[in-house]
Amino acid sequence: MNILVINCGSSSVKSEIIDTITGERLLEMNIQRVNESPEIQIDGGELISCKKTGHKAALDKAFPLLIEKSRDLNISAVGHRVAHGGKDFDEPIEINDEIENIIDNLSSLAPLHNPINLLGIRKAKEYFKEIPHLAVFDTAFHSTLPRRAKTYAISNELASKYDIQRYGFHGTSHEYVAKEAAKFFHTDIQEQRIITCHLGNGCSIAAIEYGRSVETSMGMTPLEGLAMGTRSGDIDPGILTFLMKKEGWSPEELDQILNKKSGLLGISGSSNDMRDIIQRAGNGDDNARLAIQVFAHRIRKYIGAYAAVMGGVDMIVFTGGIGENSPMIRHRVCQRLDFLGAIINDDKNHDLKLSKTQPNAEFSWNHSKVKLLACKTDEQLSIARQSAKLVEKTKVNSIPPIPVAISARHIHLCKETFEELFGKGATLTEKKSLSQPGQFAANETVKVIGPKNSFETVRILGPLRSKNQLEISRTDEFFLGIDAPIRESGKTGNSPGCILEGPKGKVQIRDGVICAWRHIHMTPQDAEIFGVKDRDVVDVKINSKERSLTFGNVLIRVSPKYKLEMHIDTDEGNAAEISRGATGALVDTDGEARLTKKKLR
Ligand code: AMP
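Enquirer: Mind laying out the overall build of the protein chain, listing which residues take part and the relevant values?
Expert: The number of helices and strands found in the protein chain is 19 helices and 29 strands. For 601 residues, the compact-globule formula gives about 25 Å, and the C-alpha radius of gyration of the protein chain, at 34 Å, lies well above that figure. Along the first, second and third principal axes, the C-alpha set of the protein chain runs to 110 × 60 × 50 Å. With 601 residues in all, the protein chain has 50% of them scored as buried.

Structure representation (C-alpha cells):
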C-alpha cells in the first residue's frame, strides 16, 4: 500500500510517499525555511521558492505540485505525524472533525507542535479529499507507562486539573528501533528488556520492557530529560523561580531560554550541532568538551536508572543523528558499563557505518551479555506502516459478515417427476419462504430409498426446476449407501440416482444425487466489496460462538437474484458447532482476515 506521510514541523515540512511493503520511497517533498522564505524541493530536484511566507502559503504551493507528481502512485491514505496525543490516544486514529478538535485542545500541552501539525492536517485534507487522513502520535507508544512512572510528585488536584503527567515523545522512533533490534538479534521483543537512546537534535531515552514502554525521559513536554541541541533537559525547578525573580523573565522568555538557548548550545556557547562541538572540543575548546561530557554523562545516568527500573537490561540501542553517527558519543556512554554486562567492542564501534543496506550494526563483544546496537531509525516508514495497518483494519471492519445457513438434506424436482410422485396436475404448496428470493420449502416431502437405507421424509424445495437434484451430506451418503460426488448446484451429470416414493407413485431417478459444494451466494455489489467474482474459490472462517473453523474450497456464486449467505450442509454445520446467527469472513490461507485488494487503493 502506498501511504503519503506528512511531518509538518515548526520550520520545515517533510513528506514522502512510501510503499509500506518494500519501504521504498516513491516520492519525497520537503519544504525548508517555511517562516522566512519557503523553498520546496521534490525528489532532490531544484529548489522552488514560494513568495509568501508561512505554512499555509507554502503548502498551498507545494500540495498541487505533489499531486501532479504523484498522479500514478495510487495513494491509499495520508499518515500525519502528531506530537501530542495526551491521554486520549494510545494508537493511530482516522482524523475526523472530533479528532481535529481534540488535537487542537491538546495544543496547550505542545504549543510548538500540535497547532502546526493540525494546520498540516487541515491543508492536506483540502487537497487529498478522497482518501483517509490518519494521525500517528509521538506519545502513543508511551501510553503503557505505569502510574508510578507517569506521575509527577505534585498535588493530585493540580495534576488532574491540567492533565499534568509524563507522556513521553519520540514514541514512533523508540518503538521502531526496539523492534528492529529484536529482529536483528533474532529474538522476540516480548522477551527483551531494551533501552533505546534516541539522540538527535531532540534526545530521549526509553525503557522498553517486554515490548512495552515503561519509562521515558521526556515528560509532559519534550523539554525534560537528556541534554539536547538547544533544550536543557532536566533542571532543578528551583532554578526557574530563581531566574524569574532575578531576571524578571516572563513565562514566554523562560520558555525560549530553556527550549532554544540551552542544552549543547547553552553549555558550549557556540553550537547546537554535535559535529561542530566535537570539532571544537578536538581543537581544545573547553566549553565544547564540557557540553560533550554533560551530554554523555546524563545518558549513562539514565541507562543505569532504566536498568534498575527493569531489573536488568538485554539490549541498549542507539539511534538519531548522534546515536547513529557518532562513535565517540557511543563510546563515552558505553564505557565502563561492564558492571551491567554491556561490554563495548571499540573497534566495531569505531568502524561501523550505517546505511540503507546496513541499517543496524552491533558494537558489543560476542561475550557481552547485554547487546549494544546502532540502529538507523525510520519514523516516516513506521508512520506509513502504522497508517497502512489502520487502513486495512478499517476496511476489514467495513466488510459485512457473511451469514451462514445450514442446508438440511432436501430435494429439487422437475415437473414430470413431481407429477409421477404426487399425481397429474398436483402443485407444490409453500410451507415457508427461504432466504434466497423466490425460494421456498414446500409442504410436500418424499421418501428417498437408497441401496442400504431410506429417509422417510425429505423436504422438497420449490419452485420446480428443469432437473431433479437430491442434496445430501456425507453422513447421509453412508446411511443411504450412495457415493455422491461434491457438485455445485445444477451440475448433476454423471451423478448417481436413487428411488423416490411419493403418495401417488415410485420413481427411479437415473442421476441427481449430489453432496452440495459449500458455497456463498452474493450479489454483484457484494462481489465488488469482497473482491471476488463468480466461481472463485475462497477460504472462509466461521466465527461460531462454540468453535471457530475455517472452511477451504468454498465456491462463490454471484447473481443479482441472490442474497448474501453461505450454505453448508449439516455435517459441516456440526463440525463448526454452528449456532444461530453464526457468520463467516473470507480469510487468507494463513487464517488472517482477507482484504478485498480491489477495494484498497
Ligand atoms: P537528527 O535530529 O536525528 O537529525 O540529529 C541531528 C544531530 O545529529 C545533530 O546534532 C548532528 O550534529 C548530529 N550528527 C549527525 N551526524 C553526526 C556525526 N557524524 N557525528 C556526530 N554527530 C552527528
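Enquirer: Residues and numbers for the sheet that holds strand 25 (residues 519-522), please.
Expert: Reading around the circumference, 15-28-25-27-26-29 is the order of the six strands in this closed barrel, with mixed pairing throughout. Averaged over all neighbouring strand pairs, the angle between strand axes comes to 45°, with direction disregarded. In the sheet, strand 15 (residues 402-407) pairs with strand 29 (residues 583-587) via two bridges, with the strands oriented antiparallel. Residue pairing across strands places Ile-402 opposite Gly-584, the latter belonging to strand 29.

Enquirer: Before we move on, could you go through the packing of helix 10 (residues 274-282) against helix 11 (residues 286-310) and cite the residues and values that matter?
Expert: Packing of helix 10 against helix 11 leaves a shortest axis separation of 8 Å and a crossing angle of 125°. Between helix 10 and helix 11, the angle falls in the class oblique. Note that helix 10 runs across helix 11; the crossing there is left-handed. Contacts between helix 10 and helix 11 pair Met-274, Ile-277, Ile-278, Arg-280 and Ala-281 from the former with Ala-288, Arg-289, Ala-291, Ile-292 and Phe-295 from the latter. Residue classes in the contact of helix 10 with helix 11 are distributed as eight nonpolar, no polar and two charged.

Enquirer: Any details on the sheet that holds strand 13 (residues 360-362)? Residues and values, ideally.
Expert: Strands belonging to one sheet form pairs held by backbone hydrogen bonds; the direction of such a pair is parallel or antiparallel. Taken together, six strands build an open sheet; the order of strands is 11-10-9-12-14-13 and the sheet is mixed. Every interior strand has two partners, whereas the edge strands, strand 11 (212-216) and strand 13, have only one. Between one strand and the next, the sheet's axes are offset by a mean angle of 25°, whatever the strand orientation. Bridging between strand 9 (residues 193-199) and strand 12 (residues 315-319) involves five bridges; their strand directions are parallel. Note on strand 12: the bridge partner recorded for Cys-197 is Phe-318. This element, helix 13 (residues 327-334), spans strand 9, strand 12 and strand 14 (371-375) of the sheet and lies at about 150° to strand 12.

Enquirer: So, the pattern of salt bridges: which residues are in play, and what are the values?
Expert: One pass over the structure, following the stated rule, counts 29 salt bridges. Glu-224 serves as the salt-bridge partner of Arg-166, at 3.2 Å between the closest nitrogen and oxygen. A residue pair is termed long-range when its members are at least 10 positions apart, and Arg-166 in the loop between helix 5 (156-162) and helix 6 (171-184) and Glu-224 in the loop between strand 11 and helix 7 (237-247) qualify at 58 residues. Looking at Arg-166, the relative accessible area reads 11%, which means it is buried. Its relative accessible area of 21% is what places Glu-224 among the partly exposed residues. Salt bridges sharing partners connect three or more residues here, namely Glu-488, Lys-491, Asp-534, Arg-535 and Arg-557.

Enquirer: I'd love a proper account of the site of the ligand, names of residues and values included.
Expert: Neighbouring the ligand are Gly-200, Asn-201, Asn-272, Asp-273, Met-274, Arg-275, Ile-278, Gly-320, Gly-321, Ile-322, Asn-325 and Ser-326. At 3.3 Å from an oxygen atom of the ligand is found a main-chain nitrogen or oxygen belonging to Arg-275. At 3.3 Å from an oxygen atom of the ligand is found a main-chain nitrogen or oxygen belonging to Ile-322. Look at the ligand: alone it shows 500 Å² of surface, and the protein chains cover 72% of it. Within the residue set of the shell around the ligand, elements represented by two or more residues are helix 10 and helix 12 (320-325). Element by element, the count of residues in the shell around the ligand is highest for helix 12, at four residues. For the shell around the ligand, a count of residues per class yields three nonpolar, seven polar and two charged.

Enquirer: Give me helix 6: which residues, what numbers.
Expert: With 14 residues, helix 6 should reach 20 Å at 1.5 Å per residue; the first-to-last C-alpha distance of 20 Å fits that figure. If you check which residues of helix 6 are buried, you get Gly-171, Thr-172, Ser-173, His-174, Glu-175, Tyr-176, Val-177, Ala-178, Glu-180, Ala-181 and Ala-182. After helix 6 finishes, the residue His-186 shows a positive phi value of roughly 50°.

Enquirer: With reference to specific residues and values, describe unusual backbone geometry.
Expert: A cis amide bond links Gly-462 with the next residue in sequence, Pro-463, at an omega value of 0°. Mapping Pro-463 onto the fold places it in the loop between strand 19 (454-462) and strand 20 (469-471). In this structure, Asp-43 is a non-glycine residue whose phi angle is positive, near 50°. As for its position among the elements, Asp-43 is in the loop between strand 4 (39-42) and strand 5 (48-49). By relative accessible area, Asp-43 is classed as partly exposed at 48%. A positive phi angle, close to 55°, is found at Arg-336, a residue other than glycine. Since its relative accessible area comes to 60%, Arg-336 is described here as exposed.

Enquirer: Describe the nonpolar core, with residues and values.
Expert: By size, the foremost hydrophobic cluster in this structure holds 45 residues, and its most contacted members are Leu-199, Phe-295, Ile-303 and Ile-316. Those elements that place two or more of their residues in this core are strand 9, strand 10 (203-209), helix 10, helix 11, strand 12, helix 13 and strand 14. When neighbours within four sequence positions are excluded, Leu-199 is seen to be in contact with Leu-226, Phe-295, Ile-299, Phe-318, Thr-319, Gly-320, Gly-321, Ile-322, Gly-323 and Ile-329. Among the nonpolar cores identified, the runner-up in size contains 28 residues, and Ile-189, Leu-373, Leu-381 and Val-391 belong to it.

Enquirer: Hey, could you go over the pairing of strand 15 for me, with residue numbers and the actual values?
Expert: The pairing of strand 15 with strand 28 (residues 565-569) spans four bridges and is parallel. Within strand 28, the residue paired with Ser-407 across the bridge is Asp-569.

Enquirer: A description of the environment of Ala-227 should follow, citing residues and the corresponding values.
Expert: With respect to the secondary-structure elements, Ala-227 resides in the loop between strand 11 and helix 7. Sequence spacing of Ala-227 and Leu-390 is 163 residues, and the spatial spacing of their C-alpha atoms is 35 Å.

Enquirer: Tell me about the packing of helix 2 (residues 97-105) against helix 3 (residues 114-127), and please be specific about residues and values.
Expert: Relative orientation of the contacting elements helix 2 and helix 3 amounts to 155°, with a least axis distance of 8 Å. Between helix 2 and helix 3, the interaxial angle falls into the category roughly antiparallel. Helix 2 and helix 3 meet at a crossing whose hand is left-handed. Residues Glu-100, Asn-101, Ile-103 and Asp-104 of helix 2 form the contact with helix 3, whose participating residues are Asn-114, Leu-118, Ile-121, Arg-122 and Lys-125. Tallied by class, the residues present in the contact of helix 2 with helix 3 amount to three nonpolar, two polar and four charged.

Enquirer: If you had to explain the environment of Ala-140 to someone new, which residues and values would you point to?
Expert: Relative to the assigned elements, Ala-140 resides in the loop between strand 8 (133-137) and helix 4 (147-150). As for Ala-140 and Met-228, which are separated by 88 residues in sequence, their C-alpha atoms are 22 Å apart. Setting aside its immediate chain neighbours within four residues, Ala-140 contacts Phe-89, Asp-90 and Glu-91.

Definitions and cut-offs
- Residues numbered from 1 in each chain as written.
- Predicted model: local features only at pLDDT ≥ 70, side-chain atom pairs only at ≥ 80, totals over all residues.
- Heavy atoms only, no water.
- Helix = DSSP H or I, 4+ residues; strand = E, 2+ residues; numbered from the N terminus.
- Rg over C-alpha atoms; globule rule 2.2 N^0.38 Å.
- Buried < 20%, exposed > 50% of the residue type's maximum accessible area, 1.4 Å probe, protein only.
- Pairing = 2+ DSSP bridges.
- Axes fitted to C-alpha atoms, helices over the stretch in contact; angles between N-to-C directions.
- Parallel < 35°, antiparallel > 145°, perpendicular 65-115°, else oblique.
- Left-handed = near helix turned anticlockwise from the far one by under 90°.
- Contact = heavy atoms within 4.5 Å.
- Nonpolar A, V, L, I, M, F, W, Y, C, P; charged D, E, K, R; others polar.
- Salt bridge = Lys/Arg side-chain N within 4 Å of Asp/Glu carboxyl O.
- Near = heavy atom within 4 Å.
- Polar contact = N/O pair within 3.5 Å; in protein donor to acceptor, adjacent residues only side chain to side chain.
- Areas by Shrake-Rupley, 256 points an atom, 1.4 Å probe, with all protein chains shown as cover.
- Expected span 1.5 Å × (residues − 1).
- Core = buried A, V, L, I, M, F, W, Y, C linked by side-chain atoms within 4.5 Å.

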